[in-house]
Amino acid sequence: MGWPNMLVLVRHAESEGNLRSADERAQFEMATYAYALTPRGRRQAEKTKEYLQLYFGGNNKYDLSLFFDVRYASYYERSRETLQIILPSAKFYEPPRLYEDPRLAEAQRGIYHTMTNDQIEERFPGELARKAREGLYHYRPLGGENWPDVELRIHSFLGTLSRDCDGKNVIMVVHGHWLILFQRLIHHFSIAEAIAKYKAGVFENASVTIYQSSPVAGCHPRLELVEENIVPWKGLI
């Protein structure tokens, strides 16, 4: 077992949820996994596709399905839609396959998906105080996940990536928070560093982060960071 020859991680393009505050999303009559891309998000994804076509093929007509052996997205609509714009010739249910993996999903925020802060304070007195006391990393909202829960999913997925994608070229459309925790496991960031990245909003919509397999004498190969948070649409949209 090893690592993919090339691993490209794309954060999904702008979705309906990105235009709303947390309280507005809680009052929005749609499940968080169902948020579609905005028109601007679809344009962002197109620019990201053009960047990857030039990066891996040398021209903007290059068919990226010729380069990527394996393609993953979470089951969230914004992730699936972004991947289908980047790889329009590939399908989820027929060759060349796009694979949907629930372990790539964003953290489940439980009651925060459907309740505003005021509603939580009214119905679950003390819950906001518990959140403040436990902190971003440890706090598990009612019905949701905390950061270690997401890291367990990522640990599991890394095993699949190492076993099934050794030597292959892989593209994954993921979520910003997920990507920070992926990097924490790969680079052994501290919890404090991960929280700082999260608060800074490190990964922009439709951004590109690239890793490649790097041999290490006498040891298991490692994933080496090549590009991080490249935003192809910046200044163009």
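Everything that follows concerns the structure shown earlier in this document.
What counts, and at which threshold
By convention here, each chain's residues receive numbers from 1 onward along its written sequence. Where totals are concerned, whole chains, interfaces and linings use all residues; where local detail is concerned, this predicted model gives features only for residues with pLDDT of at least 70, and gives and counts side-chain atom pairs only at 80 or more. Calculation of side-chain values draws on the structure's entire complement of heavy atoms; hydrogens and water are dropped beforehand. Secondary structure elements are taken from DSSP: a helix is a run of H or I of four residues or more, a strand is a run of E of two residues or more, and numbering for both begins at the N terminus. Atoms counted for the radius of gyration: C-alpha only. Globule rule: 2.2 Å times the number of residues to the power 0.38. Only protein chains enter the accessibility calculation, which uses a 1.4 Å probe; a residue is then buried when its area is under 20% of its type maximum, exposed when over 50%, and partly exposed in between. The contact rule is simple, with two residues in contact once any of their heavy atoms fall within 4.5 Å. In this analysis a 1.4 Å probe is tested at points of a 1 Å grid over the protein atoms alone, and where it fits but cannot get out there is a cavity; an open set with protein on both sides within 12 Å along at least five of seven lines is a pocket; lining residues have an atom within 4 Å of a point. Grid points are joined across faces, edges and corners, and a volume is the space filled by probe spheres set on the points. Asp, Glu, Lys and Arg are counted as charged, while Ala, Val, Leu, Ile, Met, Phe, Trp, Tyr, Cys and Pro are counted as nonpolar; the rest, among them Gly, fall into the polar class. What makes two strands pair is DSSP finding at least two bridges between them. For salt bridges, the criterion is a side-chain nitrogen of Lys or Arg within 4 Å of an Asp or Glu carboxyl oxygen.

J.: Would you mind showing me how to read the overall build of the protein chain here?
T.: For the protein chain, the count of helices and strands is eight helices and six strands. Here the protein chain has a C-alpha radius of gyration of 18 Å; the compact-globule value for 237 residues is 18 Å, and the two agree. Along the first, second and third principal axes, the C-alpha set of the protein chain runs to 55 × 45 × 35 Å. Looking at the protein chain residue by residue over its 237 residues, the buried ones come to 49%. For the protein chain, long-range pairs separated by at least 24 residues make up 70% of all intrachain contacts whose partners lie at least 6 apart in sequence.

J.: Can you walk me through the layout of surface pockets in this structure?
T.: Gaps between atoms show up when a probe of the same size as a water molecule is rolled over them. Put simply, the largest pocket is a space of about 860 Å³. Lining the largest pocket are 32 residues, and of these R25, E106, R109, H177 and Y198 sit closest to its centre. Among the secondary structure elements, those contributing two or more residues to the lining of the largest pocket are α1 (22-27), α5 (127-138) and α7 (176-187). Class assignment of the residues belonging to the lining of the largest pocket gives a composition of 14 nonpolar, 11 polar and seven charged.

J.: Teacher, can you tell me more about the sheet that holds strand β6 (residues 219-230) here?
T.: The strands making up a sheet associate through backbone hydrogen bonding, with each pair oriented either parallel or antiparallel. Sheet architecture is open: six strands sit in the order β3-β2-β4-β1-β5-β6, paired in mixed fashion. Looking at the sheet topology across the chains shown, the edges are occupied by β3 (99-100) and β6. In this sheet, β6 lies alongside strand β5 (residues 208-216) in antiparallel orientation, the contact comprising seven bridges. Residue V208 lies in a different strand from β6, and its bridge partner there is I230.

J.: Any chance you could explain the pattern of salt bridges here in plain terms?
T.: Pairing of side chains with opposite charge becomes possible as their charged atoms draw close. Tallying each qualifying case throughout the model produces 13 salt bridges. The salt bridge partner of K234 is E204, with a shortest N-O separation of 2.9 Å. Of the two residues, K234 sits in the segment after β6 while E204 sits in the loop between α8 (191-200) and β5, which places them 30 residues apart along the sequence. Its relative accessible area of 24% is what places E204 among the partly exposed residues. The network of salt bridges with common partners includes E127, R130 and E134.

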